[in-house]
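Inside the fold
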Amino acid sequence: DGGITQSPKYLFRKEGQNVTLSCEQNLNHDAMYWYRQDPGQGLRLIYYSQIVNDFQKGDIAEGYSVSREKKESFPLTVTSAQKNPTAFYLCASSTQPTRNTEAFFGQGTRLTVV
Amino acid sequence: AQSVAQPEDQVNVAEGNPLTVKCTYSVSGNPYLFWYVQYPNRGLQFLLKYITGDNLVKGSYGFEAEFNKSQTSFHLKKPSALVSDSALYFCAGSSGSARQLTFGSGTQLTVLP
């Protein structure tokens, strides 16, 4: 089955730790995205990548880092510099930058700071 | 800067009645508009999009949306609501000059049996 897979589904982080969220797609999509979802705030773009080995900051990139070494994979690292990381994180992909094409979303990772 | 607004946090409707979830947008240039639905603790699922052409767009699960340029709106509609339509709905927009989608804050739709 084609799709986009995020893991883990739930993740707990201690204060001061870095954690990495996985996102893999087998849709042969060029563009990939990371969003953060908080209650009542919709989705906010963290980072996006239009092609392998290239990525751009979104609206709330501070405290996050990404890599795009393979077309299929776009992992997100939440660093200790992110002061309020508890949120639901969504990865998405599309055939081209989502100006006029729909994005496909993973099932999300819920990150909680303990 | 582009923006998308969903003025209602919550919409309640009785099963069998028509439903409307509102969305207004502000983008430079021609807008590209999308509706997505999210069930609890899940990712977003694409419902429909307006790129160009007919102002009435039909999508998945019997949903449709009407693009109104003069009112800068893209309201989501369904003639007869189902309890299973209860979910969180997001409107999103972009344009030819934009580099990313902008999402609204979401509207929780509850269909009452």
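Residues numbered from 1 in each chain as written. Chains lettered and ligands numbered in written order. Predicted model: local features only at pLDDT ≥ 70, side-chain atom pairs only at ≥ 80, totals over all residues. Heavy atoms only, no water.

Before going further, it helps to examine the state of the cysteines. Residues and elements named next belong to chain B. Scanning the model with the defined rule gives 2 disulfides over all chains in all. Sulfur-sulfur distance for the disulfide between C23 and C91 comes to 2.0 Å. Its torsion about the S-S bond being -65°, the disulfide of C23 and C91 is classed as left-handed. Placement of the pair is C23 in the loop between strand 3 (19–21) and strand 4 (24–26) and C91 in strand 10 (residues 87–95), with a sequence separation of 68 residues. Since its relative accessible area comes to 0%, C23 is described here as buried. (Disulfide = S-S within 2.5 Å. Helix = DSSP H or I, 4+ residues; strand = E, 2+ residues; numbered from the N terminus. Buried < 20%, exposed > 50% of the residue type's maximum accessible area, 1.4 Å probe, protein only.)

Of the residues lining the interface, 23 residues belong to chain B; the matching set on chain A comes to 24 residues. For the pair chain B and chain A, the summed buried area comes to about 1900 Å², and 49% of that belongs to carbon and sulfur atoms. Applying the counting criterion to the chain B and chain A interface returns 5 residue pairs in polar contact (both at pLDDT 80 or more). When contributions to the side of chain B that touches chain A are tallied by element, the ones reaching two or more residues are strand 5 (31–38), strand 6 (44–50) and strand 10 of chain B. The class makeup of the residues in the side of chain B that touches chain A is 11 nonpolar, 9 polar and 3 charged. (Contact = heavy atoms within 4.5 Å. Buried area = accessible area lost by both parts, 1.4 Å probe. Polar contact = N/O pair within 3.5 Å; in protein donor to acceptor, adjacent residues only side chain to side chain. Nonpolar A, V, L, I, M, F, W, Y, C, P; charged D, E, K, R; others polar.)

This paragraph deals with the pairing of strand 4 (residues 31–37) of chain A. All names here are of chain A. Most of strand 4 is tucked away, with 7 of its 7 residues classed as buried. By the alternation rule, side chains of strand 4 split into A31, Y33, Y35 and Q37 and M32, W34 and R36, which are all buried. In terms of strand pairing, strand 4 meets strand 9 (residues 87–94) through 7 bridges, oriented antiparallel. Across the sheet, residue R36 finds its bridge partner in strand 9, namely Y89. Summarising the sheet, strand 4 and strand 5 (residues 43–51) pair through 6 bridges and their orientation is antiparallel. When the sheet's bridge partners are listed, Y35 is paired in strand 5 with L45. Following strand 4, the chain reverses through 5 residues before pairing antiparallel with strand 5; G40 in that reversal takes a positive phi of roughly 75°. (Pairing = 2+ DSSP bridges.)

What follows is about the sheet that holds strand 1 (residues 4–7) of chain A. All names here are of chain A. The 4 strands are arranged 1-3-8-7 in an open sheet whose pairing can be described as antiparallel. The sheet is open, and its two borders are formed by strand 1 and strand 7 (64–66), each paired with just one other strand. Mean inter-strand twist for the sheet, computed between neighbouring axes without regard to direction, equals 20°. Two strands pair when backbone bridges link them, and strand 3 (residues 19–25) and strand 8 (residues 76–78) are joined in this way by 3 bridges, in the antiparallel orientation. By the bridge assignment, T20 is partnered in strand 8 with T77. (Axes fitted to C-alpha atoms, helices over the stretch in contact; angles between N-to-C directions.)

What follows concerns the packing of aromatic side chains. Geometrically, a pair of aromatic rings is defined through the distance of the ring centres and the angle of the planes. One pass over the structure, following the stated rule, counts 16 aromatic pairs over all chains. For the pair Y64 of chain A and Y89 of chain A, a centre-to-centre distance of 5.9 Å together with 65° between the ring planes defines the contact as edge-to-face. Here Y89 of chain A lies in strand 9 and Y64 of chain A lies in strand 7, a separation of 25 residues in the sequence. Considered together, Y64 of chain A and Y89 of chain A belong to a single accessibility category, that of buried residues. An angle of 80° between the planes, with centres 5.6 Å apart, marks the rings of F105 of chain A and Y36 of chain B as edge-to-face. Of the two residues, F105 of chain A is situated in strand 10 (residues 104–105) and Y36 of chain B in strand 5; the pairing between them involves two chains. An identical accessibility class is assigned to F105 of chain A and Y36 of chain B; each is buried. (Phe/Tyr/Trp six-rings, centres within 6.5 Å; stacked < 30°, edge-to-face > 60°.)

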